[in-house]
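# Examining the three-dimensional arrangement
One letter stands for each residue in the lines below.
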Amino acid sequence: MLLAIESSCDETAVAIIRRVEKGPELLSSLISSQIEIHREFGGVVPEVACRNHAQRIRPLVQQTLDDADLTLDDIDTFAATRGPGLASSLLVGLAYAKGLAAASGKPFYGINHMEGHLLSPFLESGHIPPHLGLIVSGGHTMLIDVQGHDQYQLIGRTIDDAAGEAFDKVGRMLSLPYPGGPEIEKLARSGSGHAFTFPRAHLKDAPFNFSFSGLKTAVLYQIQKLEDPQEHLADLCASFQASVIDSLVKKTIQAAKKFDHKIITLSGGVACNRTLQESLIQAAESEGFQVRLTPPALTTDNAGMIALAALLASENRPPDDLNIGINPNLPLAIT
Ligand code: KG4
Ligand code: ZN
């Protein structure tokens, strides 16, 4: 029985997992979202996030235990996200989970938030086959060659904005509520992806890297050129989204071919985007590849994915020392 805490950004989350014969069983996974609070500021305010984590963590741990019909004594192992993320936010969850482990003398695992996203499509089986992982979140865009659990090679990343960050920044330019991603997807449904021609970055020397800042600037110039941008909202959203999706899908398929992977996974908050899911599945199937999506409850930040990563870690390596600290820039893999 493993309890995991996630607090790397603006969601306080707690989950409890255990391994049963057919695979991991997520007994409870609760999220206390701060989106409404940060919406007022148009983005995450670290100091506000940290204070809210500190207020919410204790009751949320209790609620998660109640939800699973367990008490703290039933928990055998504790885990928390130790990076990457906002330093002050990470500190709250990590310190709390280490405190629970220290007080009970139970083992503790510090988990990489991106590994949580990466492994989330495999909650059902709890087995990590070789695959190509595309992670698209608010802070990261990564292509990872995965050979198995803890065998990760980073083969591509964004050189400027993350995909989700681009959605959020364009959302702000269009005066949409934070976070921009879901709002843009909704509006894009009634627009045309061909209405405006926005760039797709080609990075000659690093073909699997991404760049979205040129696109963001192109959208800004287009907005400035229009007399009434609000009248073209749906087309602007659809054309921007089409450019992001084109880059993501094209590079992912090329990488799957180069690294000889038949399975592609899609994870991270932007993986909620249905048009992205459909485009990737269509492109992958035409090449004979299979796409594994993340279960919807595990797509945006949550502790279920941290619990899964911690469960696999506990089966593969010794626990971490309780002196382990946060690392806001914790790398997932080294190339
Ligand atoms: O993984 P996540 O919850 O947090 C990070 O680790 O960053 O990702 C949040 C990001 C935000 O940028 C949000 O705008 C984006 O995911 N997002 C979406 C959609 N839902 C969430 N982007 C595009 N389309 C969506 N439907
Ligand atoms: Zn995340």
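For the structure itself, look to the data block above.
Let me begin by describing the structure that accompanies this report. Each chain has its residues counted from 1, following the order in which its sequence is written. Key to labels: chains lettered from A, ligands numbered from 1, both in the order written. The model is predicted, so local features are restricted to residues of pLDDT at least 70 and side-chain atom pairs to those at 80 or more, both for listing and for counting; the totals for chains, interfaces and linings are taken over all residues. The side-chain numbers reported here are obtained from all heavy atoms of the structure, hydrogens and water having been left aside.

### Some thoughts on the site of ligand 1
Taken together, the neighbourhood of ligand 1 is formed by 19 residues, with G138, D168, E185, G269 and D301 sitting nearest. We define a polar contact as two N or O atoms separated by no more than 3.5 Å, with the added condition that, inside protein, one atom must be a possible hydrogen donor and the other a possible acceptor, whereas residues neighbouring each other in sequence contribute only through side-chain atom pairs. Between G139 and ligand 1, the recorded distance is 3.3 Å, taken from a backbone N or O atom to an oxygen atom. The accessible surface values rely on the Shrake-Rupley method and a 1.4 Å probe; as for residues, cover is taken only from the protein chains in view. Computed on the free molecule, ligand 1 has an accessible area of 560 Å², of which 88% lies beneath the protein chains in the complex. At the level of elements, α4 (113-119), α5 (163-173) and α6 (180-188) are the ones that each hand at least two residues to the shell around ligand 1. In this document the domain limits rely on a domain assignment from an automatic tool or a database. When residues of the shell around ligand 1 are assigned to domains, at least three map to each of domain 1 (2-121 + 298-314) and domain 2 (129-294). It suffices for a single heavy atom of a residue to lie within 4 Å of a molecule or strand for the residue to be listed as near it. In this text, helices come from DSSP runs of H or I with a minimum length of four residues, and strands from runs of E with a minimum of two, each type numbered from the N-terminal end.

### Focus: the state of the cysteines
Two cysteine sulfur atoms make up a disulfide if the distance between them is within 2.5 Å. Applying the stated criterion across every chain, the model contains 0 disulfides. C272 provides the cysteine sulfur closest to C237, a residue in no disulfide bond, and the two sulfurs are 17 Å apart. Its sulfur unpaired, C272 is 14 Å from the next cysteine sulfur, which belongs to C9. A relative accessible area of 36% means that C272 is categorised as partly exposed. Throughout this description, buried means an accessible area under 20% of the type-specific maximum (1.4 Å probe, protein chains only), exposed means over 50%, and partly exposed covers the range between.

### Brief notes about the packing of aromatic side chains
Within 6.5 Å between ring centres, the rings of Phe, Tyr and Trp (the latter by its six-membered ring) count as paired, and their orientation is classed by plane angle as stacked under 30 degrees, edge-to-face over 60, tilted in between. Applying the stated criterion across every chain yields a total of 4 aromatic pairs. A ring pair is formed by F167 and F240, whose centres lie 5.1 Å apart and whose planes are at 80°; its orientation type is edge-to-face. Of this pair, F167 sits in helix α5 while F240 sits in helix α8 (residues 233-258), placing them 73 residues apart in sequence. Residue F167 shares its accessibility class with F240, and that shared class is buried.

### Some thoughts on α5
Because an α-helix packs 3.6 residues into every turn, residues spaced three or four apart end up facing the same way. Buried residues of α5: A163, G164, A166, F167, D168, V170 and G171, and no others. We call two residues contacting when some pair of their heavy atoms lies within 4.5 Å. Residues of α5 that are buried in the fold lie against β6 (131-136), β7 (141-148), α6, α7 (213-225) and α8. In the segment just after α5, S175 is the residue with positive phi, at about 60°.

### Considering the coordination of the zinc ion (ligand 2)
In this analysis a donor is any N, O or S atom within 2.8 Å of a metal ion (3.2 Å for sodium, potassium and calcium), and since water is not included, sites may seem incomplete. Looking at the zinc ion (ligand 2), one finds its protein donor set to be H113 (NE2), H117 (NE2) and D301 (OD), positioned 2.0 to 2.1 Å from the metal centre. Geometry is assigned from donor-metal-donor angles: four donors are tetrahedral when every angle falls between 85 and 135 degrees, four are square planar and six octahedral when opposite donors sit over 155 degrees apart with all other angles between 65 and 115, and any other arrangement is irregular. Because the angles between the 4 donor atoms bound to the zinc ion (ligand 2) fall within 94 to 140°, the donor set is best described as irregular. Going along the chain, you hit the donors of the zinc ion (ligand 2) in the pattern H-x3-H-x183-D. A residue pair is termed long-range when its members are at least 10 positions apart, and H113 in helix α4 and D301 in the loop between β10 (290-293) and α10 (304-316) qualify at 188 residues. Side by side, H113 and D301 carry an identical accessibility label, which is buried.

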